[in-house]
Amino acid sequence: MDTLFNTKFEGEPATHTQPGVQLRSNTYDLQESNVGLKLTIVSTVGFGDQINKEDSYKPIMEFIDAQFEAYLQEELKIRRVLHTYHDSRIHACLYFIAPTGHSLKSLDLVTMKKLDSKVNIIPIIAKSDAISKSELTKFKIKITSELVSNGVQIYQFPTDDESVAEINGTMNAHLPFAVIGSTEELKIGNKMMKARQYPWGTVQVENEAHCDFVKLREMLIRINMEDLREQTHSRHYELYRRCKLEEMGFKDTDPDSKPFSLQETYEAKRNEFLGELQKKEEEMRQMFVQRVKEKEAELKEAEKELHEKFDRLKKLHQDEKKKLEDKKKSLDDEVNAFKQRKTAAELLQSQGSQAGGSQTLKRDKEKKN
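Worth saying up front: this structure is predicted, and the values here are computed from it rather than measured.

### Details of the packing of helix 5 (residues 162-172) against helix 6 (residues 213-223)
For the pair helix 5 and helix 6, the least separation of the axes is 11 Å and the interaxial angle reads 140°. Accordingly, the angle class assigned to the pair helix 5 and helix 6 is oblique. The way helix 5 lies across helix 6 gives a crossing that is left-handed. Packed against helix 5, whose contacting residues are Val164, Ile167, Asn168 and Met171, the element helix 6 presents Lys215, Met219 and Ile223 at the interface. Among the residues forming the contact of helix 5 with helix 6, the class breakdown is 5 nonpolar, 1 polar and 1 charged.

Structure follows, in structure tokens:
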């Protein structure tokens, strides 16, 4: 992009360890010969870096749709200011293809197929000095063949205008463009030119014998910039707008092929919305009543279980109390019996003591006599 617009764009390099695809948008105001250009560059940071690339295209589609939605919301306002509105819709997608020399990756085919109805796709072979001229020619043919066989619609430079029909027709045959980028200027002959220096030689960025960079710049900036904007508005945005309005219930004609009134559409959609709202309200009320009943049943069941548990504990307490009373009565009986035996024993002991005393006195009297 720096080479394409001959400008040093500010930007931080991104790592290849992103957890998902992130879109980074930057807007620049360019000026050249009193001609101003408001350029927005959107980078797909992390695209193709994940192990699972199945949903890599989704953030890109969502971003494009978000720009369409923002423009549609501005367009539907009562007081529109489209002449001063910053149009952030994507007018061109430069899809870079790795210079493998073999074929397109499945990720490339899936992503371009998903995006071809939303944006003008211009396929580009990046770092094309990595493969030979013969390999590059075969690679271009292979890419074109795969795009056609998979039904991918890339942007074709318009040939309906006689003033550009010849050059655009020729350029269409050169797609995809094989480009090389460099901001370094080297002295070649008597001129300073953008080039890449290698041990085996120099590759000139603006030499059409070396790469298609000049073709890309001419087609993108000088000849077809307005057509890219027009195609975005009349084709891609209109498709999004039509689908969006049809989702909202708006149509051009009714079932009888009569013009459809905007007021009638609004009223019908409003009534439909109110009907759905009432239906959802009734469903929520029924759900609430059902949940209350279920909760009441749960509480009653819990209360029943508590009563049963209380009755069990009460009966257990009564049984334990009866056992203790029976044991106490048994112990009392044993104590009374013990006391009776003790009293009888003491009585016998006292009687024996008295009998022994009388015999001793009798023996003493006998001795005296």
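And the narrative resumes.
### Re the UniProt feature "domain: Septin-type G" (unreviewed entry) in the protein chain
Mapped onto this structure's residue numbering, the UniProt feature "domain: Septin-type G" (unreviewed entry) falls at residues 1-247. Helix makes up 38% of residues 1-247 and strand 20%, whereas the separation of the span's terminal C-alpha atoms amounts to 38 Å.

### Brief notes about the pairing of strand 8 (residues 201-204)
Judged from the 4 bridges that link them, strand 7 (residues 191-198) and strand 8 form a sheet pairing that is antiparallel. Each residue of the ladder has a partner; that of alanine 195, found in strand 8, is glutamine 204. Linking strand 7 back to strand 8 in an antiparallel pair, the connection comprises 2 residues.

### Here we look at empty space enclosed by the protein
Summed over all chains, the structure comprises 1 cavity of 30 Å³ or more. Approximately 40 Å³ is the volume found for the largest cavity. If you trace the largest cavity, you find it lined by Ile97, Ala98, Thr100, Ser103, Leu104, Lys105, Asp108 and Phe139. Residues that form the lining of the largest cavity fall into these classes: 4 nonpolar, 2 polar and 2 charged.

### Let's talk about the pairing of strand 7
Relative to strand 7, strand 6 (residues 185-188) runs antiparallel, the two being bridged by 4 bridges. Within strand 7, the position partnered with glutamate 185 by the bridge is lysine 194.

### Digging into the nonpolar core
Formed by 53 residues in total, the largest nonpolar core has its most connected members in Ile122, Leu147, Phe177 and Leu216. Sorting elements by how many residues they give to this core places helix 2 (residues 58-75) first, with 6 residues. Aside from chain neighbours lying at most four places away, what touches leucine 147 is Leu104, Leu109, Met112, Val152 and Ile154.

### What about the pattern of salt bridges?
In a structure, side chains of opposite charge can pair up when their charged atoms sit close to one another. All told, the structure shown has 20 salt bridges when counted by the stated rule. In this structure, lysine 77 and glutamate 74 form a salt bridge, with 3.0 Å as the shortest nitrogen-oxygen distance. We classify glutamate 74 as buried; its relative accessible area is 8%. Residue arginine 222 pairs with glutamate 218 through a salt bridge whose shortest N-O separation is 2.6 Å. Placement of the pair is arginine 222 and glutamate 218 together in helix 6, with a separation of 4 residues, close to one helical turn. The exposed category is assigned to arginine 222, whose relative accessible area is 56%. Taken together, the shared-partner salt bridges connect Lys140, Glu208, Asp212 and Lys215 into one network.

### Considerations on the sheet that holds strand 6
Strands in a sheet are paired, the pairing made by backbone hydrogen bonds, and the direction either parallel or antiparallel. Spatially, 3 strands are ordered 6-7-8 in an open sheet, and the strand pairing comes out antiparallel. This sheet does not close on itself; its edge strands, each paired only once, are strand 6 and strand 8. Here the average twist between neighbouring strands, direction ignored, is 65°.

### Remarks on the UniProt feature "coiled-coil region" (unreviewed entry) in the protein chain
UniProt records the feature "coiled-coil region" (unreviewed entry) for residues 263-341 in the present numbering. This span, residues 263-341, is 100% helix and 0% strand, and a straight line between its end C-alpha atoms measures 115 Å.

### Digging into the environment of leucine 30
Tracing the backbone shows leucine 30 in strand 1 (residues 22-32). For the pair formed by leucine 30 and glutamate 301, sequence separation is 271 residues and the distance between their alpha carbons is 76 Å.

Reading the values: the criteria
- Per-chain numbering applies: the sequence of each chain, read as written, is numbered from 1 onward.
- Only residues with pLDDT of at least 70 are given local features in this predicted model, and only at 80 or more are side-chain atom pairs given and counted; all residues enter the totals for whole chains, interfaces and linings.
- Heavy atoms from the whole structure form the basis of all side-chain values; hydrogens and water molecules are not counted.
- For helices, the fitted line uses only the C-alpha atoms of the stretch in contact; every axis is such a line through C-alpha atoms, and the angle between N-to-C directions lies from 0 to 180 degrees.
- Put simply, DSSP H or I for four residues or longer makes a helix, DSSP E for two residues or longer makes a strand, and each gets a number counted from the N terminus.
- Roughly parallel here means an angle under 35 degrees, roughly antiparallel means over 145, roughly perpendicular means 65 to 115, and every remaining angle is called oblique.
- Left-handed describes a crossing in which the near helix is turned anticlockwise from the far one by less than a right angle; the clockwise case is right-handed.
- Contact between two residues is taken to exist if any of their heavy atoms lie within 4.5 Å; hydrogens are not considered.
- Note on residue categories: nonpolar means Ala, Val, Leu, Ile, Met, Phe, Trp, Tyr, Cys or Pro, charged means Asp, Glu, Lys or Arg, and polar means any other residue, Gly included.
- UniProt positions are given in the numbering used here, feature names are shortened, and annotations may be inferred rather than shown by experiment.
- Pairing between strands is defined by DSSP: at least two bridges between the two strands are required.
- In this analysis, the protein atoms alone were mapped onto a 1 Å grid. Cavities are point sets where a 1.4 Å probe fits without being able to get out; pockets are open sets with protein on both sides within 12 Å along at least five of seven lines; lining residues have an atom within 4 Å of a point.
- Grid points are joined across faces, edges and corners, and a volume is the space filled by probe spheres set on the points.
- Note on terminology: a nonpolar core comprises buried Ala, Val, Leu, Ile, Met, Phe, Trp, Tyr and Cys residues joined through side-chain atoms within 4.5 Å.
- Summary of the burial criterion: residues with accessible area below 20% of their type's maximum are buried, those above 50% are exposed, and those between are partly exposed, where the area comes from a 1.4 Å probe applied to protein chains only.
- Every case where a carboxyl oxygen of Asp or Glu lies within 4 Å of a side-chain nitrogen of Lys or Arg is listed as a salt bridge.

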